[in-house]
Amino acid sequence: MKKKKKSVFDFFEMKKKGEKISFITCYDYPTALLAEEAGFDMLLVGDSLGMCVYGYEGTVPVVMDQMIWHAEAVRRGAPNTFLIGDMPFLSYQKRWDEAVENAGRFIKEAGCDAIKLEGGRRVVDKIKAIVDAGIVVMGHIGLTPQSSVQLGGFKAQGRTAESALELIKDAIAVEKAGASFILLEAIPPQVGKVITEMLSIPVLGIGAGMYCDGQLLIVHDLLGLFKAFTPKFVKRYADLDKEILRAFKEYIKEVKESAFPQEQHTYTMLEGEWEKLEKMLKETDIKEEFKK
Ligand code: KIV
């Protein structure tokens, strides 16, 4: 049976009932097919693809076109899962009209259901403008990778009472600006709990503890495909790198030993055609013909 795509309304109901939201990043078509089949509630085409897929050191170099191409592919693989496009660095920070334009591209060109952007009080004008254009917004506060240099690196946030209070103010401002969701990244669970209880919108967490309304993980972290850097909040559910390496090495070995391909991997000629070709090759010196 075809899966029914969840709506914003469904996610609000899940929060009310205490039903947790499952959330994962996704960057390509084959993974999207599997994510939809597994039954995730929502998918994020995160700008973390800059690190996981393109091998950049951070998310800053990612541009809008890249995000749209990946979001389109994910949408084709997961047509019935709530899909969020992540606004890359400088696609929304400069001007509200540019923010609306770029947010609109995720909806019009890639078929996303919502967009996500980083920042609290300092981006409320952009959130308001995007929401006014009729687009669903997910805010993102705490460790915000696009401004990680300002934050002193990829570090947990809200670990002092003062900084936790600033986060709580940011969360309230994001909800007030009209966002339908907020994502909290790398903050202590107590702070995640206060925000989750204080807001009426669903609160998703990545490294924000067990009290959030839902949990996000980066797909490459979960599957064991990205091991250059593993934040504390990651739980690895598989070691696919080992399995891929094993398969690659076995393939190389079989090619070298002429053990691959075998009969079952080859195509047969039509009845009588091989004999015909043999005769033709005997009758003409084909190499000589090419010399002419
Ligand atoms: O880009 C992304 O995947 C994100 C997560 C790190 C929250 O924004």
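The preceding data block contains the structure.
Only a predicted model underlies this, so the values are computations on that prediction, with no experimental measurement involved.

Calculation criteria
- Residues numbered from 1 in each chain as written.
- Predicted model: local features only at pLDDT ≥ 70, side-chain atom pairs only at ≥ 80, totals over all residues.
- Heavy atoms only, no water.
- 1 Å grid on protein atoms, 1.4 Å probe; cavity = no way out; pocket = protein on both sides within 12 Å on 5 of 7 lines; lining within 4 Å.
- Points joined across faces, edges and corners; volume = space filled by probe spheres on them.
- Helix = DSSP H or I, 4+ residues; strand = E, 2+ residues; numbered from the N terminus.
- Nonpolar A, V, L, I, M, F, W, Y, C, P; charged D, E, K, R; others polar.
- Buried < 20%, exposed > 50% of the residue type's maximum accessible area, 1.4 Å probe, protein only.
- Arc of directions from axis to C-beta.
- Contact = heavy atoms within 4.5 Å.

In this structure, the largest pocket occupies an estimated 740 Å³ of space. What lines the largest pocket is a set of 38 residues, and nearest its centre among them are L143, E185, I206, P231 and F233. Of all elements in the fold, only α3 (49-52), β4 (114-118), β6 (181-185) and β8 (214-217) reach the threshold of two or more residues within the lining of the largest pocket. The space that makes up the second largest pocket amounts to roughly 480 Å³. In terms of lining, the second largest pocket is formed by 22 residues, of which the most central are G119, R122, T144, S147 and L151. The set of elements that each furnish at least two residues to the lining of the second largest pocket consists of β5 (136-142) and α7 (161-176). Looking at the lining of the second largest pocket element by element, the count peaks at three residues for α7. For the lining of the second largest pocket, a count of residues per class yields seven nonpolar, eleven polar and four charged.

Taken together, the buried positions of helix α8 (residues 189-198) are occupied by V191, G192, I195 and T196. Projected down its long axis, α8 shows its buried positions confined to an angular sector of 135°, all on one face. Looking at α8, the residues exposed on the side facing more than 90 degrees away from the buried face are Q190 and E197. Among the structural elements, α1 (8-17), β5, α7, β6 and β7 (203-206) are those in contact with the buried residues of α8.

What is shown is where atoms sit, not what they do.
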